[in-house]
Amino acid sequence: MCGIAALQLRNPSLHPQMGSLLSSMLCQIVDRGPDSAGLAVYNTPGLVSPGTSTLSLLGADQGIPTAALTAGVAALLASDAEAAVKVVGDTTLVSAAVGTDLLVKAVTETVPGATIIGRGEHVAVMKSVGHPMEVAADHGLEAMAGSQGLSHTRMATESAVTAGGSHPFSVADDLCLVHNGSFSNHATVRRGLLREGVVFDSENDTEVGARYVASRLKQGDTLEEALVNLGKVLDGFYTLVVTTADSMAVVRDPIACKPAIIAETDDYVAMASEYRALAALPGIDNARIFEPEPGKVYTWSL
Amino acid sequence: MVTLTAPETAAPEAAAPAESDGGAAPTVVDLADAPARSLNQALHDAVDGQSWTITSPGGKHSLAVGISARVAVTIEGHAGYYAAGMHQKGDVTINGNAGVGLAENIMSGRVHVTGDASQSAAATGHGGLVVIDGNAGARCGISMKGVDIVVGGNIGHMSAFMAQAGRLVVCGDAGGALGDSIYEARIYVKGTVASLGADCIEKPLREEHLAELAELLEAAGRTDNPADFKRYGSARNLYHFHVDNSSAY
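All values derive from a computational prediction rather than experimental measurement.

Check the secondary structure of chain B and you find two helices and twelve strands. Helices (α) and strands (β) of chain B occur, in sequence order from the N terminus, as β-β-α-β-β-β-β-β-β-β-β-β-α-β. Per-residue burial over chain B gives 49% buried out of 249 residues. Within chain B, residue pairs in contact and separated by at least 24 positions form 26% of the contacts whose partners lie at least 6 positions apart.

As structure tokens, then:
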């Protein structure tokens, strides 16, 4: 059992409330996964900015002082790249006006042991072990603005309770994936991806799903096609939510044991494991509420 | 504690003695602050003839579970998992949707959902009537043992799996593997069936079936024509083990 709550805000006037709305949803899915949690927020001022790449690194302490990290990264980049480092809760955000690949290179050279948990122009990813509401509070979710938000509370089954094993898994620019369930053939799929040259950060089954989606997208699939292909290759139980810079997708496996419920209004699309996480959203009484059908990919774009 | 507010009369305590039968204003319980457990305790202590209205359910789980008196309970809004589970004798109406496991193991009485119900509605039900005006998810009536279920919309896959007794009426379409490994329950579907499960077959709709279907539709407050339905049930090839069928298990 894990909990998922995701929110895509269609009405920009709701953007300032993104964090408080997501926080109220997260609060209702804590029971489903109290051991660790993760958040992904899109276009949040103060965390990411347009024209700048941002990497989210696991942990507040990268083993060297923040100033040294900033200087180290800056020294490896052009002088106008304006490298900056910010520590938010248990997460270190490194940003610079360069492509993400170059920034990854600069960060891993400066801190060889760094675990990159998020990357892109639009997304910041934060995760940690502990009570999900404490994880959210430590990172200041309540006050965050943004266009999309994704949260996950984990009840670990396939791999250890670690921050690195928490969801979301963000393995390509602005791409995040969270999972309720378990993939049974992840080792086989992992071996196939390893042969393609894909590098993994953890032993987690969900990371395999995220790497698979990223691999399909790289090969030219649309998000919907990538998830249809995932259904053909990965076996197991799953409700997945995948977000990109401007879209959100939900898919359940054909057996559909893992729950999902969606509320859609002109102002937002919200998805959660249980209705009670949606109950406090504005205008919920007039929302279109439905359970996604088994094996069907749903996508919404901003 | 439950917030009990009854119009006109003083609010009774959760374990209050019986009120007069019928005609009394319903006891209103607002769940905005009250836990489901206190509500359920109050309903367990209720006696025949009382009526209750539950407001602000907010999708909370296990609402109105374990009722065993002839009480009428109306939930104004969406309920979470296992609403009206282990239900006996009473009448529960949910003016909204219900989550996983609605009326699970219902023994008697009636449970009515005006919206949709999630998966495993009326699972293992022994008796009583469950009415879902909207759609029901997967595994509706799984292992039903005597309950009657009327669904106004569609039902999901693996419904009536290992159904032993009772009737399942579907006014919309049925998902895949309907009635897999069914025993003696009877299934009536008005729309299409995506696929029938192992040992489930279409059967002739005789007079006695039209009559019971008419009764069930009427009990559910529906006006569908019984003649528009098809009946499905067990081919009775699987429920006694025969070695020639071993590949079908």
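After that view, the rundown keeps rolling.
It is worth spelling out the pairing of strand 4 (residues 84-88) of chain A at this point. Within a regular strand, side chains alternate between the sheet's two faces. Residue and element names in this part refer to chain A. Pairing geometry for strand 4 and strand 5 (residues 91-96), over five bridges, is antiparallel. Bridge pairing links Val87 to Thr92 in strand 5. Hairpin connection, strand 4 to strand 5: the antiparallel pair is bridged by two residues, and Gly89 has positive phi, about 55 degrees.

To continue, consider the interface of chain A and chain B. Contacts between the two partners involve nine residues from chain A, matched on the other side by twelve residues from chain B. Tallied by class, the residues present in the side of chain A that touches chain B amount to six nonpolar, no polar and three charged.

Counting 87 residues, the largest nonpolar core has Val241, Ala270, Ala272 and Leu278 of chain A as its most contacted members. Built from parts of two domains, this core gets at least three residues from each of domain 1 (3-48 + 122-301) and domain 2 (51-121) of chain A. Every residue in contact with Ala270 of chain A, bar those within four places of it in the chain, is listed here: Ala6, Leu7, Ala263, Leu278 and Leu281 of chain A. By size, the runner-up hydrophobic cluster in this structure holds 73 residues, among which are Leu43, Ala117, Cys140 and Tyr232 of chain B.

So, on to the pairing of strand 7 (residues 129-132) of chain B. All names here are of chain B. Residues Leu129 and Val131 of strand 7 are buried on one face, and the alternating residues Val130 and Ile132, pointing to the opposite face, are buried as well. Alignment of strand 6 (residues 110-113) against strand 7, held across four bridges, turns out to be parallel. Across the sheet, residue Arg110 finds its bridge partner in strand 7, namely Leu129. Looking at chain direction, strand 7 and strand 8 (residues 145-151) are connected through four bridges and run parallel. When the bridges of strand 8 are listed, Val131 appears paired with Val150.

Residue and element names in this part refer to chain A. Taken together, the seven strands give an open sheet; going across it, the order is 7-2-8-1-14-13-15, and neighbouring strands pair in antiparallel fashion. In the strand order of this sheet, the two ends are held by strand 7 (123-129) and strand 15 (288-290), each with one partner. Averaged over all pairs of adjacent strands, the angle between strand axes in this sheet comes to 10 degrees, irrespective of strand direction. Sheet topology note: the strand 13 (residues 261-264)/strand 15 ladder contains three bridges and is antiparallel. By the bridge assignment for strand 15, Glu264 is matched with Arg288. Together, strand 1 (3-9), strand 2 (36-42), strand 8 (148-154) and strand 14 (268-272) form the strand contacts of helix 1 (residues 18-27), whose direction differs from that of strand 1 by roughly 155 degrees. The strands touched by helix 4 (residues 132-139) within the sheet are strand 2, strand 7 and strand 8, with strand 2 carrying the most contacts at an inclination of about 40 degrees.

Residues and elements named next belong to chain A. Strand order across the open sheet formed by five strands is 9-10-11-12-16, with antiparallel pairing between neighbours. The strands lining the two open edges of the sheet, one partner per strand, are strand 9 (169-172) and strand 16 (298-301). Each neighbouring strand pair of the sheet contributes to a mean axis angle of 20 degrees, computed without reference to strand direction. Sheet topology places strand 10 (residues 175-183) next to strand 11 (residues 236-243); eight bridges connect them, and they run antiparallel. Pairing of Val178 across the sheet is with Val241, part of strand 11.

Residues and elements named next belong to chain A. Each domain of chain A was delimited in the assignment, giving domain 1 (3-48 + 122-301) and domain 2 (51-121). Its C-alpha centre places domain 1 at a distance of 24 Å from the equivalent point of domain 2. Contact residues are listed per partner, giving 20 residues for domain 1 and 15 residues for domain 2. Elements supplying a minimum of two residues to the side of domain 1 that touches domain 2: strand 7 and helix 4. Sort the elements by how many residues they give to the side of domain 1 that touches domain 2 and strand 7 lands first, with six residues. Split into classes, the residues belonging to the side of domain 1 that touches domain 2 amount to nine nonpolar, six polar and five charged.

Parameters at a glance
Residues numbered from 1 in each chain as written. Chains lettered and ligands numbered in written order. Predicted model: local features only at pLDDT ≥ 70, side-chain atom pairs only at ≥ 80, totals over all residues. Helix = DSSP H or I, 4+ residues; strand = E, 2+ residues; numbered from the N terminus. Buried ≥ 20, exposed ≤ 12 C-beta atoms within 10 Å, placed from the backbone. Contact = placed C-beta atoms within 7 Å. Pairing = 2+ DSSP bridges. Nonpolar A, V, L, I, M, F, W, Y, C, P; charged D, E, K, R; others polar. Core = buried A, V, L, I, M, F, W, Y, C linked by C-beta atoms within 7 Å. Domains from an automatic or database assignment. Axes fitted to C-alpha atoms, helices over the stretch in contact; angles between N-to-C directions.

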